[in-house]
Amino acid sequence: MRIDQQPAFVLHARPYRETSLLLECLTRDHGRIGVIARGVRSERGRALRASLEPFQLLAMDLLLRGELATLRSAEPSGAVQRLAADAGIAGLYLNELLVRLTGRQDPHTGVFDTYALALSRLAAGEPAAWTLRRFERDLLAALGYALVLGHEAETGLPLEPELSYRYRVEQGPQRCQPTAGGALRGAWLAALAGDVPPDAAGQQALRGMMREVIRFHLGGGELRSWHVLAGS
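## Brief notes about the overall build of the chain
Next up, step 1: Regarding its fold elements, the chain presents six helices and eight strands.
Next up, step 2: Ordered by position from the N terminus, the helices and strands of the chain form the series β-β-β-α-β-β-α-α-α-β-β-β-α-α.
Next up, step 3: Relative to its 232 residues, the chain shows a buried fraction of 47%.
Next up, step 4: Across the chain, contacts joining residues at least 24 apart in sequence account for 53% of those joining residues at least 6 apart.
Next up, step 5: Accessible area of the chain: about 11,500 Å², with a carbon and sulfur share of 50%.

Laid out in structure tokens, this is it:
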């Protein structure tokens, strides 16, 4: 199947045979696709390889056969977007999370737009930690794992801002003592639901909650980028 001028981002690249790369690409209409970029590690392929930068929106022409596609051409679409320092590390985390949580050729409405929005926020200098929490929340929702952030799991009652809750992945918030491990104030969960940054303690607590949720959906696994994301 020919796929022409498909909006795409390169999430990951690794050597493939002597002169090629195997790319993991997030496409707008086909989800994540494994793409063979033939000859791009050779002298003749340098120009094409230079366009395969992470975080850059591309227009790709692909030939899809079975599990993998072959790259026919790729060119930047729009302004070059570069992420440096902490924003670059955060961007690599987004990429790893997408590769680990999504299946190949399994498109989900909203994943592509959610990723593009997170990159634009990082490029604009918005705080990395809060950008990641918003992305995690929206990615899980797009994949069908939406968080329960407005009511108690057992009673269905609205969350109280000053009360404490423990988030159970398969149920939602359950009331607990403030001293319990992983306790979150109702106000912090409401902040995540309402897209309003909480205070520093709330951001730290939400970071721990989201890692627990993601770990569950990874079958107990962890992400390598967690070990290099200082405070994010």
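## Examining the packing of helix α2 (residues 85-101) against helix α4 (residues 128-142)
Next up, step 1: Interhelical geometry of α2 versus α4 gives an angle of 15° and a closest axis separation of 11 Å. Considering the angle they form, α2 stands roughly parallel to α4. Note that α2 runs across α4; the crossing there is right-handed. Contacts from Ala 90, Tyr 93, Leu 94, Leu 97, Leu 98 and Leu 101 of α2 reach α4 at Ala 128, Leu 132, Phe 135, Glu 136, Leu 139 and Leu 140.
Next up, step 2: Partitioning the contact of α2 with α4 into residue classes produces 11 nonpolar, no polar and one charged.

## Let's talk about the nonpolar core
Next up, step 1: Residues Tyr 93, Leu 94, Tyr 115, Leu 147 and Met 209 are the most contacted members of the largest nonpolar core, which totals 45 residues.
Next up, step 2: Secondary-structure elements contributing two or more residues to this core are β1 (2-16), α2, α3 (111-123), α4, β6 (164-168), α5 (186-194) and α6 (200-217).
Next up, step 3: By size, the runner-up hydrophobic cluster in this structure holds 18 residues, among which are Cys 25, Val 40, Leu 52 and Met 60.

## A look at empty space enclosed by the protein
Next up, step 1: All chains considered together, the criterion is met by two cavities of 30 Å³ or more.
Next up, step 2: Size it by volume and the largest cavity reaches roughly 70 Å³.
Next up, step 3: In this structure, the largest cavity is lined by Leu 26, Thr 27, Arg 28, Gly 31, Arg 32, Thr 102, Asp 106, Pro 107, His 108, Val 111 and Phe 112.
Next up, step 4: When contributions to the lining of the largest cavity are tallied by element, the ones reaching two or more residues are β2 (20-27), β3 (31-37) and α3.
Next up, step 5: Tallied by class, residues from the lining of the largest cavity come to four nonpolar, four polar and three charged.
Next up, step 6: Looking at the second largest cavity, its volume works out to about 30 Å³.
Next up, step 7: If you go around the second largest cavity, the residues you meet are Thr 114, Leu 117, Ala 118, Arg 121, Thr 131, Arg 134, Phe 135 and Asp 138.

## Brief notes about the pattern of salt bridges
Next up, step 1: Scanning the entire structure with this criterion turns up 15 salt bridges.
Next up, step 2: Across the salt bridge formed by Arg 175 and Glu 152, the nearest N and O atoms sit 2.6 Å from each other. Placement of the pair is Arg 175 in strand β7 (residues 172-176) and Glu 152 in the loop between α4 and β6, with a sequence separation of 23 residues.
Next up, step 3: Between Glu 212 and Arg 166 there is a salt bridge, with the nearest N and O atoms lying 2.8 Å from each other. A residue pair is termed long-range when its members are at least 10 positions apart, and Glu 212 in helix α6 and Arg 166 in strand β6 qualify at 46 residues.

## Concerning the confidence of the model for the chain
Next up, step 1: Overall, the prediction assigns the chain a mean pLDDT of 92, with 99% of residues at 70 or greater.
Next up, step 2: Highest mean pLDDT in the chain belongs to α4 (97); lowest belongs to helix α1 (residues 46-51) (82).

## Focus: unusual backbone geometry
Next up, step 1: With a phi angle near 55°, Arg 17 is a residue other than glycine that sits in the positive phi range.
Next up, step 2: Along the chain, the position of Arg 17 falls in the loop between β1 and β2.
Next up, step 3: A relative accessible area of 65% places Arg 17 in the exposed class.
Next up, step 4: Backbone geometry places Ala 85, a non-glycine residue, at a positive phi of 55°.
Next up, step 5: Mapping Ala 85 onto the fold places it in helix α2.

## Things to note about the side chain of Gln 174
Next up, step 1: Summarising the element assignment, Gln 174 is placed in strand β7.
Next up, step 2: Those residues in contact with Gln 174 that lie beyond four places of it in its chain are Ala 153, Glu 154, Ser 164, Tyr 165, Arg 166 and Arg 168.

Cut-off values and rules
Residues numbered from 1 in each chain as written. Predicted model: local features only at pLDDT ≥ 70, side-chain atom pairs only at ≥ 80, totals over all residues. Heavy atoms only, no water. Helix = DSSP H or I, 4+ residues; strand = E, 2+ residues; numbered from the N terminus. Buried < 20%, exposed > 50% of the residue type's maximum accessible area, 1.4 Å probe, protein only. Contact = heavy atoms within 4.5 Å. Areas by Shrake-Rupley, 256 points an atom, 1.4 Å probe, with all protein chains shown as cover. Axes fitted to C-alpha atoms, helices over the stretch in contact; angles between N-to-C directions. Parallel < 35°, antiparallel > 145°, perpendicular 65-115°, else oblique. Left-handed = near helix turned anticlockwise from the far one by under 90°. Nonpolar A, V, L, I, M, F, W, Y, C, P; charged D, E, K, R; others polar. Core = buried A, V, L, I, M, F, W, Y, C linked by side-chain atoms within 4.5 Å. 1 Å grid on protein atoms, 1.4 Å probe; cavity = no way out; pocket = protein on both sides within 12 Å on 5 of 7 lines; lining within 4 Å. Points joined across faces, edges and corners; volume = space filled by probe spheres on them. Salt bridge = Lys/Arg side-chain N within 4 Å of Asp/Glu carboxyl O. pLDDT = per-residue confidence, 0-100.

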